[in-house]
Amino acid sequence: MKPPSFGYDAPRTLGEALGVLAEAGSDGKVLAGGQSLIPLLNMRLVAPGRLVDINRVAGLDTVEVTAEGVRVGALARHSRVLRSAESARAQPLLAEALRHVAHPVVRNRGTVVGSLAHADPAAELPAVLAVLGGSVEVRSEQGQRTIPAEAFFTGPLEPDLRPGELAVSAFFPALPPRGGAAFAETARRHGDYALVGVAAVVVLDDDLRVSSARAGYLSVAATPLVLDLTEAAGRRSAASCDWAAVAAHAQSLVDPETDIHAGADYRRHLAGVLTERALRTAAANALERGDP
C-alpha cells in the first residue's frame, strides 16, 4: 500500500522545526526514525497533512550520561544508545531492553524518543521509562515542558503531546549504588512484539535488604503498568527473599485482555513467570553491585 498525499518539510534547526509544527498544528506528524510512522502511513492508519522530517536538525542526536542518569536526544538511534558503555553502566536496564527491540536493521534507524512518543503499550522502552520514573522533555514555540512518564502515556498510541510540540529528549534515571535491574520478555519470535515483558528494579539498603522492588509491564494494559512490590518483598534479605511469592502477588494485580496473539489467562501466567525471573536477576545484580 501507499500513503496518502502529504506536505513535506525538512527543517535544519530546532527553531525552524518548532515553527513548522506550530503552523501545522494537529495536522502535523514528526518523522525521526520512521520505523513506526512509515508503516502506519502505508496502511493509511494515519493521514497527516504535513510530515516534519527532523533528521537534519543539529544537536538532537546526543546521548548524555551523568551521575543522575542518561539523557537521550530525539535523534539518537537505538543502536547508538545500545553501544554506549557509559549509558549501560549508569542505567543497565536501558541497554537490556534495547536488545529486545525488533532487529538490528530497525535499531539502526529507529530512535529511543520516537518509540516513547509512539506510546505503544507493547513496546519495551515505555515500560522502562515508567518503571524508572523517567521523563520526556517537549518543546514548542510557547516554551517547554518536562513530563513524568506516569503522565506522558495517556493511552495506547496516545502520548501527552499537544499540537505544535516536539519531544526533544528523554531522561532515564541512573541506578543507585545498591540497585539492580533486569528485563525479561516472551515473544512468538525474536524481534516480534512481546506477548508480555517485565522490567524490574530492586534496590537494597546498607544491610543488603530489599528497600525497593518495582516492576514495569508491557503488553498487559493500555499503558505501561508499574507495580510497587516493596511491601510484598517484606524488606527481607535479597538473597533469601521469596521472589516466587512476590511474583504471585504481582500476578494477581495484572489484568490483561485477550487478543488475537494470546489469551488473558496465558498473559497473566507469563506475567508471573517473568516477574519472578526478572526480580531474581535484578536482586542478584544489586547484590553484585553492592558487594564492596
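Residues numbered from 1 in each chain as written. Predicted model: local features only at pLDDT ≥ 70, side-chain atom pairs only at ≥ 80, totals over all residues. Heavy atoms only, no water.

Enquirer: Any chance you could explain the overall build of the protein here in plain terms?
Expert: Across its full length, the protein carries 12 helices and 14 strands. For a compact globule of 292 residues, the expected C-alpha radius of gyration is about 19 Å, and the protein comes in at 19 Å, within 12% of that figure. Taken over the C-alpha atoms alone, the protein extends approximately 60 × 45 × 30 Å along its principal axes. Evaluated residue by residue, the protein yields a buried proportion of 51% over its 292 residues. A separation threshold of at least 6 residues defines the contact pool for the protein, and within that pool the share at least 24 residues apart is 63%. (Helix = DSSP H or I, 4+ residues; strand = E, 2+ residues; numbered from the N terminus. Rg over C-alpha atoms; globule rule 2.2 N^0.38 Å. Buried < 20%, exposed > 50% of the residue type's maximum accessible area, 1.4 Å probe, protein only. Contact = heavy atoms within 4.5 Å.)

Enquirer: Looking at this structure, I do not really get the packing of aromatic side chains. What am I missing?
Expert: Working definition: an aromatic ring pair is given by the centre-to-centre distance plus the angle between the planes. Considering all chains together, one arrives at 1 aromatic pair under this definition. A centroid spacing of 5.2 Å and a plane angle of 85 degrees characterise the contact between Phe152 and Phe153, whose relative ring orientation is edge-to-face. (Phe/Tyr/Trp six-rings, centres within 6.5 Å; stacked < 30°, edge-to-face > 60°.)

Enquirer: Looking at this structure, how should I read the layout of surface pockets?
Expert: Think of a ball as big as a water molecule: rolled over the atoms, this probe shows where empty space is left. In this structure, the largest pocket encloses a volume near 1100 Å³. As for the largest pocket, its lining consists of 45 residues, and the residues nearest its centre are Ser36, Leu37, Gly114, Ala117 and His118. Secondary-structure elements contributing two or more residues to the lining of the largest pocket are strand S2 (28–31), helix H2 (37–42), helix H7 (112–118), helix H8 (124–132) and strand S10 (166–173). Its residues assigned to classes, the lining of the largest pocket shows 23 nonpolar, 16 polar and 6 charged. Ala122, Ser219, Asp259, His261 and Arg267 are the residues nearest the centre of the second largest pocket, which is lined by 21 residues in total. (1 Å grid on protein atoms, 1.4 Å probe; cavity = no way out; pocket = protein on both sides within 12 Å on 5 of 7 lines; lining within 4 Å. Points joined across faces, edges and corners; volume = space filled by probe spheres on them. Nonpolar A, V, L, I, M, F, W, Y, C, P; charged D, E, K, R; others polar.)

Enquirer: How do you make sense of the sheet that holds strand S14 (residues 225–228) when you look at a structure like this?
Expert: The pairing of strands in a sheet comes from backbone hydrogen bonds and takes either a parallel or an antiparallel form. Read across the sheet, 4 strands follow the order S11-S12-S13-S14 without closing on themselves; strand pairing throughout is antiparallel. Edge positions in the open sheet fall to strand S11 (179–186) and S14, since each of these has one partner strand only. Looking at each pair of strands side by side, their axes are set apart by 15 degrees on average, direction ignored. Note: S11 against strand S12 (residues 196–204), 8 bridges, orientation antiparallel. Along S12, the bridge assignment pairs Gly179 with Val203. Sitting on the sheet, H8 touches S11, S12, strand S13 (210–218) and S14, and the angle it makes with S13 is about 155 degrees. Against the sheet, helix H11 (residues 243–253) engages S12, S13 and S14, with an angle of about 45 degrees to S13. (Pairing = 2+ DSSP bridges. Axes fitted to C-alpha atoms, helices over the stretch in contact; angles between N-to-C directions.)

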